[in-house]
Amino acid sequence: MAGRINDDDVKAVRDAVPIDSVVSEYLQLRSAGGGNLKGLCPFHDEKSPSFQVSPGKGLFHCFGCQEGGDTIAFVMKIDHLSFSETVERLAAKAGITLRYEEGGYNPSHQRGERIRLIEAHQAAADFYVRALESPEAEIGRKFLAERGFDQDAATHFRVGYSPAGWDHLTRYLRGKGFSDKELITSGLSQDGRRGPIDRFRGRLMWPISDTAGEIVGFGARKLRDDDNGPKYLNTPETPIYKKSQVLYGIDLAKKDIAKASRAVVVEGYTDVMACHLAGVTTAIATCGTAFGNDHIKILRRLLMDNGSARVIFTFDGDSAGQKAALRAFEDDQKFAAETYIAIAPDNMDPCDLRLAKGDDAVRDLVEPRTPLFEFALRQIVGRYDLETPAGRAAALDEAAAVVAKIKTSSVQREVAVQLAGFVGILDQEFVVRRVAQLARWARDKGGDGRGDPRGGRGPGGPQDRRGGTPQQPVQTPAAPSGPALNLRSPAHRTERELLKLALQKPALVSPAFDAYGADEFTAPPYAAVRQCIAEAGGAERGLGDNREYLVAVMDAAPNNTVRSLVTELAVEVFMGRTIDETYAGMQLVHVRLRAVDRRIGEVQGSLARLGSNVAPDDLAAAQNEVWVLQQYAQSLRARGADAL
C-alpha cells in the first residue's frame, strides 16, 4: 500500500503554489478589492461573479454555491482528484519531491488513475512527435506543408504521427510501465484479438489539452486512401476526456482570451493553427462535437461578464452556422448577445484563407461582423418568399418564436424591431406585440423551448441556482450558511464581523477573542466556527503563519457546511471602511455586551418564574450574579474594549 504523504511536504506544496495562479488556469480573475480577486464560479452556472480568491490567505470561496477551501481543495473539486493525486500534481508543478510515510516512495503503479492517464497521454504525445520525423511519416509532413505549416509550426502545436503498425505505441507505453488496463482506459489502445492494439494508426496526431494544459486526448486525421476509418478520429470518452467539455487550443489561447476579452471559434485543428500563426491567438475549436453549453461555460469563465466580451464563430454560411446561432439562443442568451459570425469569401475556412490570401486576410476575417442572432434570423427569413403575404407571415411565425426566447425584455424588443425590417413588415409594433405574445404563451405553458402556443415548448421562468452543484442544481434557494443566520439581526452581523476579524486579522482581536466562549455567539453556525478556532489553537495562533492557522481551523470543522462557512468568512470583505483596533474593539464589546445582557435576562427570568420558591442562598447568589453582570455591562458601555 502506498504511504501517506508527509505533512510537512503537504504544507510546503500549499505554500509553494499560489492559489490565484492555479485558479487562473480555469477562469479569469479580476480585482474584487481588499486584496481579493473575483471571477465566475466554475462549480455552478452563474452570470455575475460571486467566486472570490484570497491570494494572501490561500483560500477561495463562492458566495453563490458555498464551495470553498484552499488550493488543494480547489484542484480536488475541479478535476475530481483524490487528496494524494492533487498534492502529487501540485508538487510536480512546484518541483517539490514528496516523502511518503509508512511505505517510503510511492511507486508509480499505485498513483491515482487520473495522474496515470495524464502521464500516459504525455508519453504518447512525445512518441507521436518523434514519429513525425520518421521516413514513414513523410505523408504527414507533406500534408502539413501543403497547408502552410512548417516544422516550427508542427513543433509549436506538438503535432505528431501515429505509425501504421498494430501496436507500436502500445509496446512503447508498456515499456514505460503502463498496464494494459491503463492503456485501454486511456483510449490510447483498444482490444485486439491477441491483446491491446493502437487505437490510432497511420494518422496525423493533434494533442488535445484541458484548460490546465494537461493532455487528455488526441485528434487524428486520416492520411491514406486505404484507411477505412473516418476522416477525423478522436479519443473516445474516458475518465479524463469528455468531448463536450474540451476545446482544442484552449491551453494556448486562454491567456489571450482573458486579456483581449475575445475568443474565435473555428471548426478544425488546422484552422486553429492557421489563426494562431496569423496572429489570432484567441482561436479554439471543438473536438468532434457541436459547440454546446459546456463550451459556453468554459469561455464565459475566461471572458467573465463584461460588455466588451466578444465570441466570433467562423463557421461557414450553411446550416452549420445557422445551427450554431440557434444553439446560442437555446443555451445562453447572454452569450448569444455577445456572439458574432464571420464568413470568409467563398466560404473558405481560416486555413484555406491563409493559404490563398495570407495572414492579413485571416486577421480581417475575425473582426466582428454580423451578430449571431442577426445571422440566425436572416437564415430563417431567407427560406421564405418575402414577396408574398403568406411568405412574410410564415417567416415571421418561425423567426418570432426564436426572438421570444430572449428573456430580457429590452433586448427582446430591440431584436423584434430588427426582425420587422428583415421580414419587410413596416408595422414594427405589430412584430413586437407578436413576439411578446409568444413569450407570454410560452411562460404560461411553463415550457422552455419555442414559445409556440400550438404545441412547442416555451421558456420557463428564471431558475434560482444558488447552492446548486455542477452535477445537480437544486430547485430551491439554499439556506444561508446555517439554520439560524439572519444578517438583518444586529447581533448576527456583529458576530459575523468578529469572526471575520479573528480569521483574517487575528492580531486586532487577540488575546481578548480567545477568552470568548462559543455560547457568546447566538447563531449556531457562528458558534461552530468559534469552536473550530478554539480547537485550532485560538486566534493567537494566527499571529504566526496565517495560512497554516486557517488550514488548522478548516481541518477542525466537523462537516463541509461549517468548513464552507470558515472559507466564506476568511475571504469576505469587512463592513467597516477602516479596519483597525478601534473597529475590532467595537465588535468585541458588542458581542460580549449582548452576551452579558442575555445572561442577566436569563437569571432574572428564572427568578421571576420561581418566585418565592427560591432558597435564600440561591436567591442571594443569583442577585449577586446579576449585580456583578450589571456592573460589567456598565463598564463595557463606558470604557469599551478597555473593560474586556
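Please read all numbers here as calculations on a predicted model, not as lab measurements.

**Q** Looking at this model, I keep getting lost on the overall build of the protein chain. Mind explaining?
**A** Assigned secondary structure in the protein chain consists of 27 helices and 18 strands. Burial statistics for the protein chain: of 644 residues in total, 50% are counted as buried. In the form shown here, the protein chain has an accessible surface area of approximately 29,600 Å², with 49% of it arising from carbon and sulfur atoms.

**Q** Just to check I follow, could you spell out the sheet that holds strand E5 (residues 59–62) for this structure?
**A** The strands that make up a sheet are held in pairs by hydrogen bonds between backbone atoms, and each pair lies either parallel or antiparallel. Here 5 strands make up an open sheet; going across it, the order is E2-E3-E4-E5-E6 and the pairing antiparallel. Each edge of the open sheet carries a strand with a single partner, namely strand E2 (30–33) and strand E6 (68–70). Averaged over all pairs of adjacent strands, the angle between strand axes in this sheet comes to 25 degrees, irrespective of strand direction. Pairing analysis gives 3 bridges linking strand E3 (residues 36–39) to strand E4 (residues 51–54), with the strands arranged antiparallel. The residue of E4 that forms the bridge with Lys-38 is Gln-52. Sitting on the sheet, helix H3 (residues 71–79) is in contact with E4, E5 and E6, with an inclination near 120 degrees to E6. In this fold helix H25 (residues 560–571) packs onto E3, E4, E5 and E6, with an angle of close to 105 degrees to the strand it touches most, E5.

**Q** Sorry if this is basic, but what is going on with the sheet that holds strand E17 (residues 339–341) here?
**A** Pairing is mixed in the open sheet, where 5 strands are placed in the order E15-E14-E16-E17-E18. Edge positions in the sheet fall to strand E15 (283–285) and strand E18 (370–371), since each has one partner strand and no second. With 2 bridges joining them, E17 and E18 adopt antiparallel strand pairing. Following the sheet pairing, Tyr-340 is matched in E18 by Pro-371. Contacts from helix H10 (residues 250–260) reach strand E14 (262–266) and E15 within the one sheet, and its direction differs from that of E15 by about 130 degrees. Against the sheet, helix H11 (residues 269–277) makes contact with E14 and E15, and its axis sits at roughly 175 degrees relative to E15, the strand it touches most.

**Q** I tried to follow the packing of aromatic side chains on my own but got confused; where do I start?
**A** Each pair of aromatic rings is reported with the distance of its centres and the angle of its planes. Under the definition given, this model contains 16 aromatic pairs. Aromatic pair Tyr-26 and Phe-74: ring centres 5.7 Å apart, planes at 70 degrees, arrangement edge-to-face. Residue Tyr-26 is located in the loop between helix H2 (19–23) and E2, and its partner Phe-74 is located in helix H3; the two are separated by 48 residues in the primary sequence. On the basis of relative accessibility, which here comes to 6%, the residue Tyr-26 falls in the buried class. Residue class for Phe-74 comes out buried when judged on its relative accessible area of 0%. Ring geometry for Tyr-128 against Phe-218: centres 5.1 Å apart, planes inclined by 90 degrees, an arrangement best described as edge-to-face. Linking Tyr-128 in helix H5 (residues 113–131) with Phe-218 in strand E12 (residues 215–222), this pair joins segments that are 90 residues apart in sequence. For Tyr-128, a relative accessible area of 1% translates into the label buried. Accessibility expressed as a relative area gives 1% for Phe-218, which makes it buried. One aromatic cluster is present, formed by Tyr-26, Phe-43, Phe-51, Phe-60 and Phe-74 through successive ring pairs.

**Q** Help me understand the pairing of strand E10 (residues 195–198) in this model?
**A** A regular strand places its side chains on the two faces of the sheet in alternate fashion. Strand direction decides the pairing type here: strand E9 (residues 189–192) and E10, joined by 4 bridges, are antiparallel. Bridging across to E10, Gln-190 finds its partner in Ile-197. With antiparallel pairing between neighbouring strands as the criterion, E9 and E10 make up a hairpin whose turn holds 2 residues.

Here is what the cut-offs are and how they apply
- Residues numbered from 1 in each chain as written.
- Predicted model: local features only at pLDDT ≥ 70, side-chain atom pairs only at ≥ 80, totals over all residues.
- Heavy atoms only, no water.
- Helix = DSSP H or I, 4+ residues; strand = E, 2+ residues; numbered from the N terminus.
- Buried < 20%, exposed > 50% of the residue type's maximum accessible area, 1.4 Å probe, protein only.
- Areas by Shrake-Rupley, 256 points an atom, 1.4 Å probe, with all protein chains shown as cover.
- Pairing = 2+ DSSP bridges.
- Axes fitted to C-alpha atoms, helices over the stretch in contact; angles between N-to-C directions.
- Contact = heavy atoms within 4.5 Å.
- Phe/Tyr/Trp six-rings, centres within 6.5 Å; stacked < 30°, edge-to-face > 60°.

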